[in-house]
Amino acid sequence: MKPELLCALIPLFPLIGFLINGIGFRHIPKGAAGAIAVGAALASFLTAGYLFGAFIGQAAFRDDAGPLVATLFNWISVGDLQINFSFQIDQLSLLMLLVVTGVGTLIHLYSIGYMKHDEGFGKFMAFLNLFVFFMLLLVMGSNYVIMFIGWEGVGLCSYLLIGFWNTNTSYNNAARKAFVMNRIGDLGFLLGIFMLINTFGTVEYIDIFKQATSLPVGDSTILIITLLLFVGAMGKSAQIPLYTWLPDAMAGPTPVSALIHAATMVTAGIYMVVRSNVLYTLAPLTLEIIGGIAIATALLAASIGLLQNDIKKVLAYSTVSQLGYMFLGLSATAYTAGMFHVVTHAFFKALLFLGAGSVIHAMSDEQDIRKMGGLRKALPITFITFLIGTIAISGLPPFAGFFSKDEILAHVFVHNKVLWALGVLGSGLTSFYMFRLLFLTFFGEFRGTEEQRHHLHESPATMTAPLVFLAILSAAGGLLNLPGGGWLSRFLDPVFMFSREVNPTALTLELDHSTEYTLMAVSAGVALLALVVAYVMYVSRRAVPAPETAERSLPEQVVYNKYYIDELYDTIIVRPIRGLGDALYSFGEGLVDGVVNGVAWLVRQSSAQLRLMQSGSIGFYVLAMVVSIVAIFALRFFVRF
């Protein structure tokens, strides 16, 4: 089969699934709708797997290891600017294809059990397929315009999925917030694309990156371009100040949270920076700015997660924090380490969100961990898999998160010791709040109602099977890139060819083995210490977070209320803009309505007076006709002379 056809089939399968379920969701049985949606995602995964195997063997392509650009059709032609609708298949896009379709398929399967009682089941599965379709466009496109189509598409789908239960006003507000904040970032991304066109005369990755190698490090134009592109990444990947939409996105069904927060939408910003690696290598100042924003985001989100009591909100702030870690790695030009953490994060964060959904399902939609406890006996599979995910995200060996987080911290240590120390602190906070979540949910005595206790049960196989698969990946995912130059490093190496050309030392890690082992021990030790502290507080001492109405100290109150950042935004941005809009609306309404009503009054009065002239007198009509003819001749005479 031709590679071009394979490339087209990968996004085509979920698009077909969306069209079938989207058009016929009122008539297709739930079982069939679920099978169509899962089958479409699975078909994309299998096709991507086949393409991966062919690319590795190079049998289907060429002797060299360069990317394959599959052009479907010529799309836009404006002067010298040619934009093709084409896909680029290389090591980076293949890695993302496998992650998006693989984890996406498991989330689709999970959704069959989680959403089976929902009236909009078919529509929900259609939206999931559409989300995957746009995400595939984003990672497969061979130029920034195709990426932007996928970029905007996943933003649209996130709006549809977050506000899926649209009878709830707060859910609609959360969806609108996500949509608006992403549009702010997208404006920066779009301006960056315009500057790329103005600078390089093309939007194709290969052409831009080849031309960029002739520019000096620190070029001012590249600095502006990379900053604008990063503004887009800040919106999609929830970095300060455009991060507040992501915790509110918990309003959507739990599979949506897993899909958005694990392997797809929020990692789009990371993918874009890694794809544009040569541009960022040429802009060290941009990387320093990214590093500062990244560590601030990681620590801010981690500190908020310490006191959250909604099981999904804890995981949401965890996602924001982990995204900060990924950008922290990119700021040290650890592009492979950043992508490694994207992959491992997809495994354990999807596992944790789906595990949280299993708990919520068993608890009759209860999400407050203060009302849980002791669930490990009633939900053994959910507990074991959730434990594996917690160990992985906490950075404890030998699970996946330890290896990817350690690699990031090692690069950051060489780059900036202060950022490394702050990163280790963030790692400890992550371990504490995640084990706090685990202990309050699964250990101790049950704190829910008797009715909830009576209905406690393990989730069906359609929900637990994805948990088991993701748990295995979370445990073994570290094998992808073991210290000392693992498989992933070698696999992604060609993607960074141009970066090494413009700065040969940028991607190297100059660290002796003893220092590397010491850093690993420090990182794991801090995470282990945080685990012990959480165990003592929430298992040994059986502490339970205070209720909403309890008195709190001022620092605790500030952290518990998320530093009042939402309130700050509401005060300095939302209310003034809304007030300005209301004022303009009132002014416009008064002006426009006044003009329209005035014209109507004038016409009405004029017609009333003119109507009186229709008297029925033939003499008057003859006089009016003569006067009119004279007036016409006079007008023509004066116009001519």
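The residue numbering used here restarts from 1 in each chain and proceeds along that chain's sequence as written. Given that this is a predicted model, residues contribute local features only at a pLDDT of at least 70 and side-chain atom pairs are listed and counted only at 80 or more, while totals for whole chains, interfaces and linings are drawn from all residues. Side-chain figures throughout are based on the complete set of non-hydrogen atoms in the structure, without hydrogens or water.

Student: How do you make sense of the overall build of the chain when you look at a structure like this?
Tutor: Helix and strand assignments follow DSSP, with helices taken as H or I runs no shorter than four residues and strands as E runs no shorter than two, numbered in order from the N terminus. Secondary structure assignment for the chain yields 26 helices and two strands. Taking the principal axes of its C-alpha atoms as reference, the chain extends roughly 115 × 65 × 50 Å. Going through the 641 residues of the chain one by one, you find that 54% of them count as buried. Relative to all contacts within the chain whose residues are 6 or more apart in sequence, the contacts with residues 24 or more apart total 80%. Surface exposure here means Shrake-Rupley accessible area, sampled with a 1.4 Å probe, where a residue is shielded only by the protein chains that are shown. With an accessible surface of roughly 26,800 Å², the chain has 67% of that area assigned to carbon and sulfur atoms. Burial classes follow relative accessibility: with a 1.4 Å probe on protein chains only, a residue under 20% of its type's maximum area counts as buried, one over 50% as exposed, and anything between as partly exposed. Should any heavy atoms of two residues lie within 4.5 Å, those residues are counted as being in contact.

Student: Is there a simple way to explain the pattern of salt bridges in this structure?
Tutor: Any two side chains of opposite charge can pair, given that their charged atoms come close. By salt bridge we mean one thing: a side-chain nitrogen of Lys or Arg within 4 Å of a carboxyl oxygen of Asp or Glu. All told, the structure shown has eleven salt bridges when counted by the stated rule. K236 is the partner of D186 in a salt bridge, and the nearest nitrogen-oxygen pair spans 3.6 Å. Of the two residues, D186 is situated in helix α6 (residues 169-200) and K236 in helix α8 (residues 220-236); the sequence distance between them amounts to 50 residues. Residue D186 shares its accessibility class with K236, and that shared class is buried. Note that R500 is salt-bridged to D493, the shortest N-O span being 3.0 Å. With relative accessibility at 37%, the residue D493 sits in the partly exposed group. One connected set of salt bridges, linked through shared partners, spans E152, R183, D186 and K236.

Student: What should I look at first to understand the nonpolar core in this one?
Tutor: Nonpolar side chains tend to gather and get buried jointly when the protein is soluble and globular. Here, nonpolar core refers to any group of buried Ala, Val, Leu, Ile, Met, Phe, Trp, Tyr and Cys residues whose side-chain atoms link them within 4.5 Å. Of all hydrophobic cores here, the largest spans 204 residues; its most connected members are Y144, W245 and L279. With 18 residues, the single largest contributor to this core is helix α15 (residues 335-362). If we skip the residues at most four places from it in the chain, L279 touches Y144, L196, I208, F209, A212, I222, T226 and L229.

Student: Whenever I open this one, the side chain of T344 confuses me. Can you help?
Tutor: With respect to the helices and strands, the residue T344 is situated in helix α15. In protein, a polar contact requires one atom able to donate a hydrogen and another able to accept it; more generally it is a pair of N or O atoms within 3.5 Å, and residues adjacent in sequence count only if both atoms are side-chain atoms. Separated by 3.3 Å, the side chain of T344 and the backbone oxygen of H341 make a polar contact. Ignoring any residue separated from it by four or fewer positions in sequence, one finds T344 in contact with A400, S404 and G477.

Student: Got a minute to help me understand the environment of T254 in this structure?
Tutor: Looking at the element boundaries, T254 is found in helix α10 (residues 254-263). As a C-alpha pair, T254 and F200 span 54 residues in sequence and 43 Å in three-dimensional space.

Student: Looking at this structure, how should I read the confidence of the model for the chain?
Tutor: Caution is warranted with low-pLDDT regions, since their predicted coordinates should not be read in detail. Confidence scores per residue from the predictor, reported as pLDDT, run from 0 to 100. Chain-level pLDDT for the chain is 90 on average; 98% of the residues reach the 70-or-more range. Low confidence marks residues 59-63, where pLDDT is under 50. Its contacts with residues over four positions away, or in another chain, come to ten contacts.

Student: What am I meant to see in a nonpolar patch on the surface here?
Tutor: There is a patch of nonpolar side chains on the surface, built from F587, L591, V592, V595, V596, V599 and V603 and spanning about 660 Å² of accessible area. Summarising the element assignment, F587 is placed in helix α25 (residues 565-611). What goes into a patch is any residue over 30% in relative accessible area without a salt bridge, connected to like charges within 9 Å or, for nonpolar side chains (Val, Leu, Ile, Met, Phe, Trp, Tyr), within 5 Å.

Student: Quick question: what am I supposed to make of helix α4 (residues 121-140) here?
Tutor: Spacing of three or four residues puts side chains on the same side of an α-helix, whose turn is 3.6 residues. By this rule the span expected of a helix is its residue count minus one, scaled by 1.5 Å. For α4, with 20 residues, the first-to-last C-alpha span of 29 Å sits near the 28 Å given by 1.5 Å per residue. Counting buried positions along α4 yields 19 of 20 residues, so the element is predominantly enclosed.

Student: Would you mind showing me how to read the packing of aromatic side chains here?
Tutor: Geometrically, a pair of aromatic rings is defined through the distance of the ring centres and the angle of the planes. The pairing test for Phe, Tyr and Trp rings, Trp by its six-membered ring, is centres within 6.5 Å, and the orientation test on the planes gives stacked under 30 degrees, edge-to-face over 60, and tilted for anything in between. Here the structure, examined in full by the defined rule, presents 27 aromatic pairs. Seen in terms of ring centroids, W75 and F85 are 5.9 Å apart; in terms of plane orientation they differ by 75 degrees. Their pairing is edge-to-face. Linking W75 in strand β1 (residues 68-78) with F85 in strand β2 (residues 81-89), this pair joins segments that are ten residues apart in sequence. Grouped by ring-pair contacts, the aromatic residues F383, F386, F435, F439, F442, F443 and Y535 constitute a single cluster. Above the face of the F443 ring, R376 is positioned so that its terminal group lies 4.6 Å from the ring centre. When the ring centre of Y325 is taken as reference, the NZ or CZ atom of K405 above it lies at 5.2 Å. For a lysine, the NZ atom is tested; for an arginine, the CZ atom; a charge sits over a ring if that atom is within 6 Å of the ring centre and within 35 degrees of the ring normal.

Student: Looking at this structure, I do not really get the pairing of β1. What am I missing?
Tutor: The side chains of a regular strand alternate between the sheet's two faces. With nine bridges connecting them, β1 and β2 associate as antiparallel partners. Bridge assignment links N74 to a residue of β2, and that residue is N84. Between any two strands, at least two bridges found by DSSP are needed for them to pair. Between the antiparallel neighbours β1 and β2 lie two residues, among them G79 with a positive phi of about 65 degrees.

Student: Honestly, the side chain of R275 in this entry has me stumped. Any pointers?
Tutor: Inspection of the secondary structure puts R275 in helix α11 (residues 268-275). What R275 contacts, discounting residues up to four positions off in sequence, is Q88, D90, L92, S93, V139, M147, Y205 and F209.

Student: Quick question: what am I supposed to make of the packing of helix α3 (residues 91-114) against α11 here?
Tutor: The relative placement of two packed helices is expressed as an angle between their axes plus a distance between the axes. Convention adopted: a line fitted to C-alpha atoms gives each axis, helices being fitted over their contacting stretch, and angles between N-to-C directions are expressed from 0 to 180 degrees. Running from N to C, α3 and α11 point in directions that differ by 165 degrees, and their axes come no closer than 11 Å. When the axis of α3 is compared with that of α11, the two are roughly antiparallel. Like other packed secondary-structure pairs, α3 and α11 cross with a definite hand, here right-handed. Facing L92, S93 and M96 of α3, the residues of α11 in contact are Y271, V274 and R275. Here the term charged refers only to Asp, Glu, Lys and Arg, the term nonpolar to Ala, Val, Leu, Ile, Met, Phe, Trp, Tyr, Cys and Pro, and the term polar to all other amino acids, Gly among them. Tallied by class, the residues present in the contact of α3 with α11 amount to four nonpolar, one polar and one charged. The labels follow the angle: roughly parallel below 35 degrees, roughly antiparallel above 145, roughly perpendicular from 65 to 115, and oblique for the rest. Crossing handedness follows the turn of the near helix against the far one: under a right angle anticlockwise gives a left-handed crossing, and clockwise gives a right-handed one.

Student: Teacher, can you tell me more about helix α7 (residues 205-212) here?
Tutor: Along α7, the positions that sit buried rather than exposed are Y205, I208, F209 and A212. In an axial view of α7, the angular spread of the buried residues amounts to 95 degrees, which keeps them on one side of the axis. Where the residues of α7 are buried, they touch β2, α5 (144-162), α6, α11, α12 (277-281) and α22 (497-502). Think of the arc as the fan of directions from the helix axis to the C-beta atoms.

Student: Can you help me understand the packing of α4 against α5 in this one?
Tutor: In the contact formed by α4 and α5, the axes pass within 7 Å of each other and the chain directions differ by 160 degrees. Of the possible angle classes, the one that applies to α4 and α5 is roughly antiparallel. At the point where α4 passes α5, the crossing takes the left-handed sense. Of the residues in α5, those in contact with F124, F127, L128, L130, F131, F134, M135, L137 and L138 of α4 are I146, M147, I149, G150, W151, G153, V154, C157, S158, L160 and L161. Its residues assigned to classes, the contact of α4 with α5 shows 17 nonpolar, three polar and no charged.

Student: I tried to follow the environment of R176 on my own but got confused; where do I start?
Tutor: As for its placement among the helices and strands, R176 is situated in helix α6. On the accessibility criterion, R176 (47% relative accessible area) is partly exposed. Note: C-alpha distance between R176 and L160 (16 residues apart in sequence) is 9.5 Å.

Student: What am I meant to see in unusual backbone geometry here?
Tutor: Where the residue is not glycine, phi is negative for most of them; where a peptide bond is considered, it is trans in most cases. Following I240, the chain continues into P241 via a peptide bond in cis, with omega recorded as 5 degrees. Mapped onto the elements, P241 comes out in the loop between α8 and α9 (245-248). The backbone of K562 shows a phi angle near 60 degrees, a positive value even though the residue is not glycine. Along the polypeptide, K562 turns up in the loop between α24 (554-560) and α25.

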